[in-house]
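Here is what each chain is made of, one letter per residue.
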Amino acid sequence: MIDGVMVKQLKVLPDERGRLMEILREDDEIYMRFGQVYLTTGYPGVVKAWHYHKGQFDHFCVVKGMMKVALYDSRDTSPTKGEVNEFFLGEHRPIVLRIPPLVYHGFKTIGGEEAFLINVCTQTYKYDAPDEFRVPPHDNDIPYDWARKDG
């Protein structure tokens, strides 16, 4: 796994009223600090990639649908430089995925419905100076193919 990436398996607690799932707590090993929480969605088959942050950690949790999240470690000083990780997040795999700064990341909604991703990030988004740097999803030097892998 890419250095600094962490996964927290979530527990879903169902009863006759519905279900409850804690996503991130301040006493979790994976938790760092609070910046803001936002929701982003993806339509089926759409790739939203690639970007990275210089100082911000992200904590991704897909709460509806399913997404394939890919990471690429471009950090020169990292012991996992050049490594690619792929994770499946969502209703069938409830996890929180921590993504460190300078690790490229993106996602693709898999399945036939819009997917909902909640991100708890460690910094507040600054509209006048965003900590967000992008490269195109398909035309780049990242050794990853977003195409579906049939087996």
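Above this text you will find the structure in question.
Model, not experiment: these values are computed from the prediction.

So, how was this worked out
- Residues numbered from 1 in each chain as written.
- Predicted model: local features only at pLDDT ≥ 70, side-chain atom pairs only at ≥ 80, totals over all residues.
- Heavy atoms only, no water.
- Disulfide = S-S within 2.5 Å.
- Salt bridge = Lys/Arg side-chain N within 4 Å of Asp/Glu carboxyl O.
- Pairing = 2+ DSSP bridges.
- Helix = DSSP H or I, 4+ residues; strand = E, 2+ residues; numbered from the N terminus.
- Phe/Tyr/Trp six-rings, centres within 6.5 Å; stacked < 30°, edge-to-face > 60°.
- Buried < 20%, exposed > 50% of the residue type's maximum accessible area, 1.4 Å probe, protein only.
- Polar contact = N/O pair within 3.5 Å; in protein donor to acceptor, adjacent residues only side chain to side chain.
- Contact = heavy atoms within 4.5 Å.

## Concerning the state of the cysteines
Inspection of the entire model under this criterion finds 0 disulfides. Lacking any disulfide linkage, Cys 121 is separated from the closest cysteine sulfur, that of Cys 61, by 14 Å.

## Observations concerning the pattern of salt bridges
Using the criterion set out here, one finds 10 salt bridges in the structure. Sharing partners across several salt bridges, the network here consists of Glu 22, Arg 25 and Asp 27.

## Brief notes about the sheet that holds strand β12 (residues 133–134)
In space, the 5 strands of this open sheet follow the order β8-β7-β10-β5-β12, with antiparallel pairing throughout. Of all strands in the sheet, those with a lone pairing partner are β8 (84–90) and β12, marking the two edges. Pairing analysis gives 3 bridges linking strand β5 (residues 47–52) to strand β10 (residues 103–110), with the strands arranged antiparallel. Looking at β10, one finds that Val 47 is bridged to Lys 108.

## Description of the pairing of strand β3 (residues 18–21)
The sheet contact formed by strand β2 (residues 12–15) and β3 spans 4 bridges and is antiparallel. The residue bridging Leu 13 from the neighbouring strand is Leu 20, located in β3. Turn length for the β2-β3 hairpin, with the two strands adjacent in sequence and antiparallel, is 2 residues.

## Notes on the environment of His 92
As for its position among the elements, His 92 is in the loop between β8 and β9 (95–99). Between the C-alpha atom of His 92 and that of Phe 107, which follows or precedes it by 15 residues, the distance is 16 Å.

## Here's the deal with the packing of aromatic side chains
The full count for this structure, using the stated rule, is 7 aromatic pairs. Relative to Tyr 127, the ring of Tyr 125 has its centre 5.0 Å away and its plane inclined at 75°; by these criteria the two rings are edge-to-face. Following the ring pairs from residue to residue traces out a cluster consisting of Tyr 52, Tyr 72, Tyr 104 and Phe 133.

## Concerning unusual backbone geometry
For residues other than glycine, phi is negative in most cases, and the peptide bonds are mostly trans. Look at the link from Ala 49 to Trp 50: it is a cis peptide, with omega at -25°. One can find Trp 50 in strand β5. A positive phi angle, near 70°, is found at Leu 102, a position not held by glycine. Looking at Leu 102, the relative accessible area reads 34%, which means it is partly exposed.

## Examining the side chain of His 59
Looking at where His 59 falls in the secondary structure, it is placed in strand β6 (residues 58–64). Reaching out from His 59, the side chain makes a polar contact with the backbone oxygen of Ile 30 at a distance of 3.2 Å. His 59 has contacts with Leu 24, Ile 30, Tyr 31, Met 32, Val 96, Leu 97, Arg 98, Ile 118, Asn 119, Val 120 and Thr 122, leaving out every residue within four places of it along the chain.

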